[in-house]
Amino acid sequence: MSRVQDNIISRRSIYRFEESPVEMACLETAFEAARHAPCHKQTHPWKFYVLGKEARSSMIPEVERLAVEKAAGKGENEVQEGIQKAISKILSPPVLIAVTSAVTPEDDFREMEDYAATACSVQNLVLSLWDQGIGTQWSTGGITRSDFVYKALEISPVKEKIVGFLKAGYPAAIPQREKKSIAEIREYLP
Ligand SMILES: Cc1cc2nc3c(=O)[nH]c(=O)nc-3n(C[C@H](O)[C@H](O)[C@H](O)COP(=O)(O)O)c2cc1C
């Protein structure tokens, strides 16, 4: 098997990271891969915001609010546990990247194609990191759709849509995943 094929097939989403930091040079190598993703009409719709301590902390009030909302009807201990877990998801990953894609409300088709291109760019980034022994998890949820988060990170919702947060770091564990067989996903038409 080629190294590229092996890299693609062995990649898994990583949910637990070692504490060791990721060198900026590794990230820059991955951004180099990300910027070479395909995009129709040369729109280059993707943008990556690597969040430092200050940027992450600025999201905490909203993370707390969303955790409380999610835990509605539960006991106080469970609510507090939920808040701590949600905060840890933001503060603990060695690297946290907000990924955005350009928005074009006047052209739905362009926006859909741009989102596809951004997903290609994310996968380039992810596979380049994986090639360097660094794992990632793409995550979405309340904070990707929150006005508060756009303001905190100074991202203009008129120009960009947050399509996810990418957590990255050296894997503490690599999960197994069942995938559909080739027969289930491919058909050769006559
Ligand atoms: C657009 C997108 C959003 C995702 N959002 C989440 C998420 O919010 N939480 C999560 O645990 N995993 C999330 N994932 C990761 C998927 O759960 C994961 O890719 C899937 O379980 C398959 O596992 P694999 O990546 O190891 O092949 C997301 C993946 C994609 C492509």
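See the structure printed just above.
First things first, this report covers the structure right here in the doc.

About the cut-offs
- Residues numbered from 1 in each chain as written.
- Predicted model: local features only at pLDDT ≥ 70, side-chain atom pairs only at ≥ 80, totals over all residues.
- Pairing = 2+ DSSP bridges.
- Helix = DSSP H or I, 4+ residues; strand = E, 2+ residues; numbered from the N terminus.
- Axes fitted to C-alpha atoms, helices over the stretch in contact; angles between N-to-C directions.
- Contact = placed C-beta atoms within 7 Å.
- Left-handed = near helix turned anticlockwise from the far one by under 90°.
- Nonpolar A, V, L, I, M, F, W, Y, C, P; charged D, E, K, R; others polar.
- Near = placed C-beta within 6 Å.
- Core = buried A, V, L, I, M, F, W, Y, C linked by C-beta atoms within 7 Å.
- Buried ≥ 20, exposed ≤ 12 C-beta atoms within 10 Å, placed from the backbone.

### Topic: the sheet that holds strand S4 (residues 160-169)
Either a parallel or an antiparallel arrangement is found when strands of a sheet pair, and the pairing is made through backbone hydrogen bonds. If you trace the 4 strands from one edge of the open sheet to the other, you get S1-S2-S4-S3, paired in antiparallel fashion. Of all the strands in the sheet, just strand S1 (46-50) and strand S3 (135-139) have a single pairing partner and so form its edges. Averaged over all pairs of adjacent strands, the angle between their axes in this sheet comes to 25 degrees, without regard to strand direction. Running over the sheet, helix H6 (residues 108-131) touches S1, strand S2 (95-102), S3 and S4 and is turned about 155 degrees from S2.

### Considering the packing of helix H2 (residues 24-34) against H6
Two elements in contact, H2 and H6, have axes whose closest approach is 7 Å; the angle formed by their N-to-C orientations is 145 degrees. Taken as a pair, H2 and H6 cross one another with a handedness that is right-handed. Facing Cys26, Thr29, Ala30, Phe31, Ala33 and Ala34 of H2, the residues of H6 in contact are Ser121, Asn124, Leu125, Ser128 and Leu129. Looking at side-chain class alone, the contact of H2 with H6 contains 7 nonpolar, 4 polar and no charged residues.

### Quick word on the environment of Ala168
Along the polypeptide, Ala168 turns up in strand S4. The spacing of Ala168 and Leu129 is 39 residues in sequence and 8.4 Å in space, taken between C-alpha atoms. For Ala168, the contacting residues outside a window of four places in its chain are Val22, Pro93, Pro94, Val95, Ile97, Leu129, Ile134, Gly135 and Thr136.

### Here's the deal with the site of the ligand
Near the ligand, the surroundings consist of Arg12, Ser13, Gln137, Trp138, Ser139, Thr140, Gly141, Gly164 and Arg177. Counting residues per element, the shell around the ligand draws most heavily on S3, at 3 residues. Broken down by class, the residue content of the shell around the ligand amounts to 1 nonpolar, 6 polar and 2 charged.

### Here's the deal with the nonpolar core
In terms of nonpolar packing, the biggest core is built from 30 residues, with Ile97, Val99, Leu129 and Ala168 touching the most fellow members. Mapped by element, the contributors of at least two residues to this core are H2, helix H4 (60-70), S2, H6, helix H7 (147-152) and S4. The element that contributes the greatest number of residues to this core is H6, accounting for 6 residues. Those residues within four positions of Ile97 in sequence are excluded, and the remaining contacts are Phe48, Tyr49, Val50, Leu51, Phe165, Leu166 and Ala168.

That's the geometry; what it means functionally is another story.
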